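Residues per chain are reported as follows:
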Amino acid sequence: MFVKPAPGRNVRWPGTMRLLKAAGETVPDTGFWLLCLHNGDVVKTAPPAASAAPAIPAPSPAPVQGGAAATPEPAEAHA
């Protein structure tokens, strides 16, 4: 679930004690975060649209040209 701290609140991650980012973060549906939600320490929101898509698309593999794919030879064959 995606949550952000309620106005005027700071919430720390259990274990690391790192503060939850003010813009919000995706957190697991554990008892800790559900209790924070119930107590009003965090509010459940929708994640920002920009974080849904990767910032840099993965490069597509280069097309194989020719018949068979090149097979690397062992290093000792070039001696």
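Before reading further, recall that the structure is shown in the block above.
Residues numbered from 1 in each chain as written. Predicted model: local features only at pLDDT ≥ 70, side-chain atom pairs only at ≥ 80, totals over all residues. Heavy atoms only, no water.

**What about the sheet that holds strand 3 (residues 42–44)?**
Part 1 of the argument: One open sheet accounts for 3 strands, arranged 2-1-3; its pairing is antiparallel. With partners counted over all chains shown, the strands left at the sheet margins are strand 2 (25–26) and strand 3, one partner each.
Part 2 of the argument: By the bridge criterion, 3 bridges tie strand 1 (residues 2–5) to strand 3 in an arrangement that is antiparallel. Along strand 3, the bridge assignment pairs Lys4 with Val43.
Part 3 of the argument: On the sheet, helix 1 (residues 31–39) packs against strand 1 and strand 3 and is oriented at approximately 95° with respect to strand 3. (Pairing = 2+ DSSP bridges. Helix = DSSP H or I, 4+ residues; strand = E, 2+ residues; numbered from the N terminus. Contact = heavy atoms within 4.5 Å. Axes fitted to C-alpha atoms, helices over the stretch in contact; angles between N-to-C directions.)

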